[in-house]
Structures are given as C-alpha cells and as structure tokens.
Amino acid sequence: MADITLVTGAAGNLGRAVVAALAARGGTVVALDRVSAPLEAMVAGLPGSGHMVLAGVDLGDGPACEAAVAAVMARFGRLDGVVHTVGGFDMASIGDGGAELFERMFRLNLMTTVNLFRAAIAAMRPQGSGSLVAIGAMAGLKAPAQLAAYSASKSGVLRLVEAYAEELKPSGLRMNAILPGTIDTPQNRAAMPGADTSGWVQPAQLAEAAAFLVSPAASGITGVLLPVTGRG
C-alpha cells in the first residue's frame, strides 16, 4: 500500500506542487484546505487512485485538526506523513506593526503548526513511524527590517520543530522544517514587480525537498532546518 501523506494548503502554490510530487512517486495524498472545488478538480487529475479531499478545515482550531486527522485514520488506518504548507506573510515598520499583526502572524504560522502536529503526532505515535515537515523561513533565523512579526512567528515554528523532534526520537517519528527563500509565485511577482526573479526558488523545488523528507530515504533525518533558497 502506498504511503499516506496529508498536505495542508493543498490548493495553494506550494501545496499543489507538493501534492503533485507525492502523487508522482506513487503515494496516496490527503489534500486539505479551506476551499473545496479546486481540491476536487486537482485530486481528480492526479495519477493513481484513492486520494482524499478534506475541505473546509480551519487549522487554527485544534478540535478541527483532530477531526481531520481522525477522518484520515478512519479511511486508511494510518498516516505516514504530514507536509504543512499553510502560513501567512505580512510586513510593517515598528510604528505600524502592532499587537494585531503579531497575533495574526502567530495564529497563521505557529498555532496552525501546533494544532496540526499535535493531532497528527497523537495518531502516528502508536505506529512507531512517520514524518512531519513544516515550512519555516530563512527570516526565522535572522530577521530583516520590517519583518519582526513574521520572523518571530517563523522562529517559533523552527523552535517547535527542534523541540518536538528531540521529544519524538524514542517514538520513531521524525520532524523537519524547510526554509524557503523567496518563492516564485504570481503573488510574489505582483508584490515585487521590479525584482530579479531569476534566482527565486520554484515551488516544485520545495516540493521535491518535502517529498524527500517524508520518504523512507530520509529515515535518518530529524530536527533539520533545511534551507531551499534557489539561487537567490
């Protein structure tokens, strides 16, 4: 039976690329997002069969994450991997970036990771195996100007990955994070119209890294913060 991997934000630029990479390797994908119609169309076009759609899931809600993981376990009896691509980005100067911005960045980037991973770990621990991948950011290592809230939230994701990875070692579960550079998406191109995009990292490149980290080929890798930055 193919590996069962849950991909969040599956309708987004990076999520779609991860879903495609996993399906191309013969895996079974659980595509999760808040939207429905794009997921159904995407999954219908994937190679293989047995893929699952979970739409309308709010990852900011812990019980909703538990229900989503329970649905996966009810259908397949196990969960082998999780790739969490959901997150948000915003920037502001010191004078403009108040508490609301920090709360929003922490909800989108850190708390969705906490909620999802806690639910997934509870289901995966009895298996004695499994891999979880978070999407961090290079800004989580060193914050640029005007990215205090975003960088702080992504730094929280990286510290979570490090701490959880250590705690999970005896259980056989692995946890790692990918640190993208600027991702080549239509949204980023629109936001930075004068930028040199030649060195931006492609969603497919990040997807290949995620697919590797959840695969048995990476069975000896845990607690790693992997930069995938293209040529930027």
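Right above here is the structure, for reference.
Within each chain, residues carry numbers counting from 1 in the order of the written sequence. Residues qualify for local features only when their pLDDT is at least 70, as the model is predicted, and side-chain atom pairs are given and counted only at 80 or more; totals for whole chains, interfaces and linings, by contrast, use all residues. Values shown for side chains rest on all heavy atoms present in the structure; no hydrogens or waters enter the calculation.

Student: Quick one: what's the story with the nonpolar core, residue by residue and with numbers?
Tutor: The criterion is simple. A nonpolar core is a set of buried Ala, Val, Leu, Ile, Met, Phe, Trp, Tyr and Cys residues joined through side-chain atoms within 4.5 Å. Throughout, exposure labels follow a simple rule: accessible area from a 1.4 Å probe, protein chains only, divided by the maximum for the residue type, with under 20% read as buried, over 50% as exposed, and the rest as partly exposed. In terms of nonpolar packing, the biggest core is built from 38 residues, with Leu54, Leu79, Val82, Phe117, Leu132 and Met175 touching the most fellow members. Starting at the N terminus, helices and strands are each numbered in turn, a helix being any DSSP run of H or I of at least four residues and a strand any DSSP run of E of at least two. Here the element with the most residues in this core is helix α4 (residues 99-124); it accounts for nine residues. Excluding its chain neighbours within four sequence positions, the residues that come into contact with Phe117 are Val82, His84, Leu132, Val133, Ala134, Leu160, Tyr164 and Met175. Ala17, Leu39, Val201 and Val214 belong to the second-largest nonpolar core, a separate cluster that totals 30 residues. The contact rule is simple, with two residues in contact once any of their heavy atoms fall within 4.5 Å.

Student: Outline the sheet that holds strand β1 (residues 4-8), supporting the account with residue identities and numerical values.
Tutor: For two strands to be treated as a pair, DSSP must find no fewer than two bridges joining them. Strand order across the open sheet formed by seven strands is β3-β2-β1-β4-β5-β6-β7, with parallel pairing between neighbours. Here the strands that pair on one side only, and so sit at the sheet edges, are β3 (52-55) and β7 (225-228). Adjacent strand axes in the sheet meet at a mean angle of 20° when their direction is disregarded. In terms of strand pairing, β1 meets strand β2 (residues 28-33) through five bridges, oriented parallel. Each bridged residue has a counterpart across the sheet, and for Thr8 the counterpart in β2 is Leu32. The strands touched by helix α5 (residues 148-168) are β5 (130-135), β6 (173-180) and β7; relative to β6, the strand with the most contacts, the crossing angle is about 155°. Of the strands in this sheet, β4 (81-84), β5, β6 and β7 touch helix α7 (residues 203-214), which is tilted by about 165° from β6. To get an axis, fit a line to the C-alpha atoms, keeping to the stretch in contact for a helix; angles then go from 0 to 180 degrees between the N-to-C directions.

Student: Can you break down the side chain of Thr8 residue by residue, with the values?
Tutor: Following the sequence through the fold, Thr8 ends up in strand β1. Judged by its relative accessible area of 0%, Thr8 is buried. Each residue touching Thr8, except ones within four places of it in the same chain, is listed here: Gly15, Leu32, Leu59, Val83, His84, Thr85, Val86 and Leu116.

Student: Now, about the layout of surface pockets: what can you tell me, with residues and values included?
Tutor: Space inside the largest pocket adds up to approximately 1200 Å³. Mapped onto the lining of the largest pocket, the elements with two or more residues apiece are α1 (13-24), β2, α4, α5 and α6 (186-191). Broken down by element, the residue count for the lining of the largest pocket peaks at six residues, all from α4. Its residues assigned to classes, the lining of the largest pocket shows 21 nonpolar, 16 polar and six charged. By volume, the second largest pocket is sized at about 190 Å³. Here a cavity means grid points, on a 1 Å grid over the protein atoms only, where a 1.4 Å probe fits yet cannot get out; a pocket means an open set of points with protein on both sides within 12 Å along at least five of seven lines; lining residues are those with an atom within 4 Å of a point. Grid points are joined across faces, edges and corners, and a volume is the space filled by probe spheres set on the points. Nonpolar residues are Ala, Val, Leu, Ile, Met, Phe, Trp, Tyr, Cys and Pro. Charged residues are Asp, Glu, Lys and Arg, and all others, Gly as well, are polar.

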